[in-house]
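These are the residues of each chain, in order.
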Amino acid sequence: MDRLSIVVCDDDPIRVVDWADSIREVPGVADRYDVTPLTPEQFVEAFEALQTRKADEAQDRTASRDDKAAAIDKAAILILDYDLTPRHNTAEPSLGEVHGPLKQLEGKYGDTFALLARCYSTTGYIVLVNHRVQTSTFDLTMTMFMNSISDLNVAQPDLERPELWLGSSANNAGPAALPFRPSHWPALLDAPSRLVDFASAVELDQPILPFLGIASDMVTAFADEQLDVFSLRDDDDTDPSTVTFRQLATESAYGLSGKSDKQSDENILRRIAAAGVLRWLERVVVPAQNVLIDAAHLAERFPQLIPTGANDAETWSALTSVAAGSGVIEQLPAAAEHLLPKLSVWLSRPVWSAAGASRVARSLPRLASAETPRVFCEDVSSFAGIDVAQEYTSALPGSFRQRFVAQVRSADVDYRPRRRLLA
Amino acid sequence: MSGKPAEDQRDGLARILIAWINRSRSAPPGPHRLVAAVQPEFSVAEPNALRQLLVKGGPSVNMLDRGLWVVGEPSRTHHPVIPVVTAALTEGGDAVTGTVRVALFHQNGETVEAIGYRFESPESKAGQAHDYPHAQAVGGWRPAQRCLHHAHDVGEDTVTCRDVLALEYGITVSDNETTHMPIVNEERPAFPLAAGKTLPGLAASMLASVYGRPYVVELLESDANLRTPQDPAVRRDLAFVLS
């Protein structure tokens, strides 16, 4: 069986190799993945091949799969730089002019390539690098990449962080010393298989929300902006509960981008729909914690759900992991009946119905308030006492905008926009 | 939370109102005619400005002076009401007292009407009748503001309390004079409140009276500081909601 592949793409021949090398050095990556940098020339050829596939599909011609985009088809994880315009050679002015095939990348951006790859290849999980931020940045709005076409947005230094790939933090020295691990990061090593599993399960003509186990009473709990994804190109009044995976893939902003764009391959359509639904859930729904809630936020809101009590530091720590097999679900047995089992397999973390789990929690005795309450720090995915964490107001939809970070100044992470921090 | 009782109470009041603003912004808007009549009338407080005013605005603060209001989501009732709220507080030493005023706008056929109440801290002077947290009716907020107790047109013609007094009761009110509607007794009755010895308690009482207790539970749960108040007096006041 072929090993899984991480394909790295950029216009810069040196940087693309550097990125591939640094990814390969992250513990655990090389055990499971081959890391392959595409040369800029190969990248341009792949770009052209995807554009040809798009044109073929638009004219109802069967697009060839035996072309220069084959490496993109096989990528389990596609790492893409955002700014693809080739750098002029400033060290050697005589060589300054960009010429040859690379000239085609001038003015191009990674999100264009990401959309082509998503809609016209069988590529896996797409990571867009250096879009809007070039240094590790904690986005205090928590909405910066809500509508991105890629499955994840990070800055280049993040690619070297084991926490991004593994979904847990090894350091137990306390929240202020914990490494950067924003709460929306998945365990990247596990992300491709979840996408593939979900795409395999998708039935294109099934309505999405019932398929996911999101019942009608949960739909009414969404904030309006959380349902914008279900606004279709030609039928803006569609009831969100009736929108199918096929409609999402072909008629929404989360799928094929143009009215004349087509995709005849149902496997790719399933993947477009699956990736779109996962992006919506991971970026718009779960972070708001208003309809679906994850273990960390559920325990923060209702510490009485922890059966061993609020002083059990080990349990609090266990609740923060998104690594596969971390046993998070077992830590909150009282809420078990409100776990959403399908979503908990396909998403980067288990999730519960917020309303259902809250009802259960309210029926349990509240804990004595002598203890300083613990709050979840979104920048390091760990808990801290409310007296040491820094509060901020996110721009997330719904009622749960108050959030916390462990740090506000760090040598290697920017926190923006700072006016959202509570003075 | 600061550990200083007055500051903690002011912070708690701000947190409850901000949690309410955030929740209301995500809620369905309610009947169009009612919303169209109410929302343009009030400049809605932004959370940051509200926090600055209520927590750090000096020893005596009145949202009315800044023209700041909170327009809440409509009640989910057969006849929806839209609550519009202002608050004021006075701090002296460790003590802080306040009032939360709410107008409940509702639609009555072609017109929009309102009734108003103020939720107040105990009267502090010795021998005063209402030395307990209480709620009383109010007739209006200011001269030249829309009258709360008279049906007025939804359209372009603004009918003020002063107009109503002049036209219907023959009373002339100057701009500087507080309007008292003769059809409302603002002093009696003064209903005792289960909570209200603290500012967060007053705000929670007002919200529970409009939306019901479960709504307030959810609001308090949305803020870590309100879920488990560290100030004992605030904790006692909010216990009627949370326990």
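You'll find the structure just up there.
No experiment lies behind these values; they were computed from the predicted model shown.

**Q** What exactly am I supposed to notice about the overall build of chain B here?
**A** What chain B contains, in helices and strands, is eight helices and seven strands. Residue burial in chain B is summarised as follows: out of 243 residues, 53% are buried. Residue pairs at least 24 apart in sequence account for 59% of intrachain contacts in chain B once pairs closer than 6 positions are excluded. Summing over all exposed atoms, chain B offers an accessible surface of approximately 10700 Å²; the carbon and sulfur share of this is 50%.

**Q** Hey, could you run me through the interface of chain B and chain A in this one?
**A** Often, the extent of an interface is quoted as the loss of accessible area on bringing the components together. Each side of the interface is counted separately: chain B has 20 residues, and chain A has 23 residues. Of the roughly 1900 Å² buried between chain B and chain A on both sides combined, carbon and sulfur atoms contribute 43%. Sorting the residues of chain B by area buried against chain A places Ser-26, Glu-221 and Arg-227 of chain B first, and these three jointly supply 28% of that buried surface. For Arg-366 of chain A, the salt bridge is made with Glu-221 of chain B, and the minimal N-O distance between the two is 3.4 Å. At the level of secondary structure, the elements contributing two or more residues to the side of chain B that touches chain A comprise helix H1 (5-25), helix H3 (47-56), helix H6 (213-221), helix H7 (224-227) and helix H8 (232-242) of chain B. At four residues, H1 of chain B tops the list of elements feeding residues into the side of chain B that touches chain A.

**Q** How should I be thinking about the pattern of salt bridges in this particular structure?
**A** Two side chains that carry opposite charge are able to pair once their charged atoms sit near each other. Tallied over the entire structure, the rule returns 32 salt bridges over all chains. The residue Asp-81 of chain A makes a salt bridge to Arg-15 of chain A at a minimum N-O spacing of 2.8 Å. Of this pair, Asp-81 of chain A sits in strand E3 (residues 77-81) while Arg-15 of chain A sits in helix H1 (residues 13-24), and the two are 66 residues apart along the sequence. The closest approach of N and O atoms between Asp-414 of chain A and Arg-416 of chain A, which form a salt bridge, is 3.4 Å. The class of Arg-416 of chain A is partly exposed, set by a relative accessible area of 40%. Here the salt bridges do not stand alone but share partners, grouping Glu-391 of chain A together with Asp-11, Arg-15, Arg-51 and Asp-223 of chain B into one network.

**Q** Please explain helix H5 (residues 199-211) of chain B as it appears in this structure.
**A** Residue and element names in this part refer to chain B. Over its 13 residues, H5 extends 18 Å from the first C-alpha to the last, a length consistent with the 18 Å expected when each residue adds 1.5 Å. With 12 of its 13 residues buried, H5 lies for the most part within the structure. When H5 is considered as a whole, its buried residues turn out to be Leu-199, Pro-200, Gly-201, Leu-202, Ala-203, Ala-204, Ser-205, Met-206, Leu-207, Ala-208, Val-210 and Tyr-211. Just beyond H5, the residue with positive phi is Gly-212, at close to 95°.

Criteria and thresholds
- Residues numbered from 1 in each chain as written.
- Chains lettered and ligands numbered in written order.
- Predicted model: local features only at pLDDT ≥ 70, side-chain atom pairs only at ≥ 80, totals over all residues.
- Heavy atoms only, no water.
- Helix = DSSP H or I, 4+ residues; strand = E, 2+ residues; numbered from the N terminus.
- Buried < 20%, exposed > 50% of the residue type's maximum accessible area, 1.4 Å probe, protein only.
- Contact = heavy atoms within 4.5 Å.
- Areas by Shrake-Rupley, 256 points an atom, 1.4 Å probe, with all protein chains shown as cover.
- Buried area = accessible area lost by both parts, 1.4 Å probe.
- Salt bridge = Lys/Arg side-chain N within 4 Å of Asp/Glu carboxyl O.
- Expected span 1.5 Å × (residues − 1).

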